[in-house]
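Next come the chains, spelled out residue by residue.
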Amino acid sequence: MRSRGATLTLLPLAVASLLVAGFVLTPNLRVQNAATPHPTLVVLGAAQYAGKPSPAFQRRLDHALTLYRTGGVEQIVVTGGRRAGDPYTEGGVGTAYLARQGVPAGDLIAEERSRTTVQNLQNARAALRPETPVTLVTDEAHAPRALALARAIGLNANVSASPLSARVSRSYLLREKVALAAYALIGIRL
């Protein structure tokens, strides 16, 4: 027969397990897209392969291009550095892609040093005039965390998220949920 103390000791573990399971199994958090984007877009980096945007990065870039062509957007900052040994940066690949689609070079800024979302945002902010309002362009899963981080570092930001792939990996969705929870619990870590 189990003692009453053992049951009470397991109760917090059981409650924590239920909370974690509920968090993992709930649908993805979403942020409503801005009705009208700000004149400056910040496209958050994603992988590039040998100088070409990955499918996820291309969806972000195409979404930014659609917003630009709709009118009202005057400037696009594309963020993202390079991995060790890689000759290409995400920011450089993204701006080259948009230039090939007809966006004038004068309307593009490549931020090419960052490796994390916080660095993307900080370096984009440094490349712009102070207090410039921005619309973040990222995917639906990344948007809640990106917007929270942008506001935490003082950016006047809203978001316009690109759709996720129909075959988005569960591990990516889970990673974004966990990262958002970690940010909520411990704040920004550089």
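Higher on the page you've got the structure.
Residues numbered from 1 in each chain as written. Predicted model: local features only at pLDDT ≥ 70, side-chain atom pairs only at ≥ 80, totals over all residues. Heavy atoms only, no water.

## Structural notes on the pairing of strand β5 (residues 108-111)
Thinking step 1. The pairing of strand β4 (residues 75-79) with β5 spans 4 bridges and is parallel. Along β5, the bridge assignment pairs Val77 with Ile109.
Thinking step 2. With helix α3 (residues 90-100) bridging β4 and its parallel neighbour β5, the resulting β-α-β unit is right-handed. (Pairing = 2+ DSSP bridges. Helix = DSSP H or I, 4+ residues; strand = E, 2+ residues; numbered from the N terminus. Right-handed = clockwise from strand over helix to strand, strands pointing away.)

## Quick look at the nonpolar core
Thinking step 1. Core analysis: the largest hydrophobic core is formed by 19 residues, its most contacted members being Val42, Leu121, Val134, Leu136, Ala150, Leu155 and Ala157.
Thinking step 2. Looking at this core, the elements with two or more residues in it are α4 (117-127), β6 (134-137), α5 (143-152) and β7 (157-159).
Thinking step 3. Looking at which element gives the most residues to this core, the answer is α5, with 5 residues.
Thinking step 4. Look past the residues within four positions of Leu121 in its chain and what remains in contact with it is Leu44, Leu136, Ala146, Leu149, Ala150, Ile153 and Leu155. (Core = buried A, V, L, I, M, F, W, Y, C linked by side-chain atoms within 4.5 Å. Buried < 20%, exposed > 50% of the residue type's maximum accessible area, 1.4 Å probe, protein only. Contact = heavy atoms within 4.5 Å.)

## Some words on the side chain of His63
Thinking step 1. Take His63: it is sitting in helix α2 (residues 55-70).
Thinking step 2. Once residues lying within four places of it in the same chain are set aside, the contact partners of His63 are Val137, Ser160, Ala161 and Ser162.

## Observations regarding unusual backbone geometry
Thinking step 1. Non-glycine residue Ala50 carries a positive phi angle of around 50°.
Thinking step 2. Structurally, the position occupied by Ala50 is in the loop between β2 (48-49) and β3 (52-53).
Thinking step 3. Even without a glycine there, the phi angle at Glu131 is positive, about 70°.
Thinking step 4. Here Glu131 shows up in the loop between α4 and β6.

## So, the packing of α4 against α5
Thinking step 1. Where α4 contacts α5, the axes come no closer than 10 Å and their chain directions differ by 45°. Here α5 runs oblique to α4, going by the angle between their axes. For the pair α4 and α5, the sense of crossing is right-handed. Contact residues: α4 offers Thr117, Val118 and Leu121, while α5 offers Arg145, Ala146, Leu149 and Ala150.
Thinking step 2. Here the residues of the contact of α4 with α5 sort into 5 nonpolar, 1 polar and 1 charged. (Axes fitted to C-alpha atoms, helices over the stretch in contact; angles between N-to-C directions. Parallel < 35°, antiparallel > 145°, perpendicular 65-115°, else oblique. Left-handed = near helix turned anticlockwise from the far one by under 90°. Nonpolar A, V, L, I, M, F, W, Y, C, P; charged D, E, K, R; others polar.)

## A few points about the environment of Ala46
Thinking step 1. Relative to the helices and strands, Ala46 is located in the loop between β1 (40-43) and β2.
Thinking step 2. Among the residues examined, Ala46 registers a relative accessible area of 13% and is labelled buried.
Thinking step 3. Put simply, Ala46 and Gly91 are 45 residues apart on the chain and 9.2 Å apart in space, counted from C-alpha to C-alpha.

## So, the pattern of salt bridges
When charged atoms on two side chains of opposite charge get close, those side chains can pair.
Thinking step 1. Across all of its chains, the model carries 2 salt bridges by this definition.
Thinking step 2. With a shortest N-O distance of 2.8 Å, Asp139 and Arg60 are connected by a salt bridge. With a gap of 79 residues between them, Asp139 in the loop between β6 and α5 and Arg60 in helix α2 connect regions that are remote in the sequence. Accessibility assignment for this pair places Asp139 and Arg60 in one class, buried.
Thinking step 3. In this structure, the salt-bridge partner of Arg115 is Glu90, at a minimum N-O distance of 3.6 Å. Of this pair, Arg115 sits in the loop between β5 and α4 while Glu90 sits in helix α3, placing them 25 residues apart in sequence.
Thinking step 4. Arg115 gets classed as partly exposed once you look at its relative accessible area, which sits at 34%.
Thinking step 5. Judged by relative accessible area, which is 12%, Glu90 ranks as buried. (Salt bridge = Lys/Arg side-chain N within 4 Å of Asp/Glu carboxyl O.)

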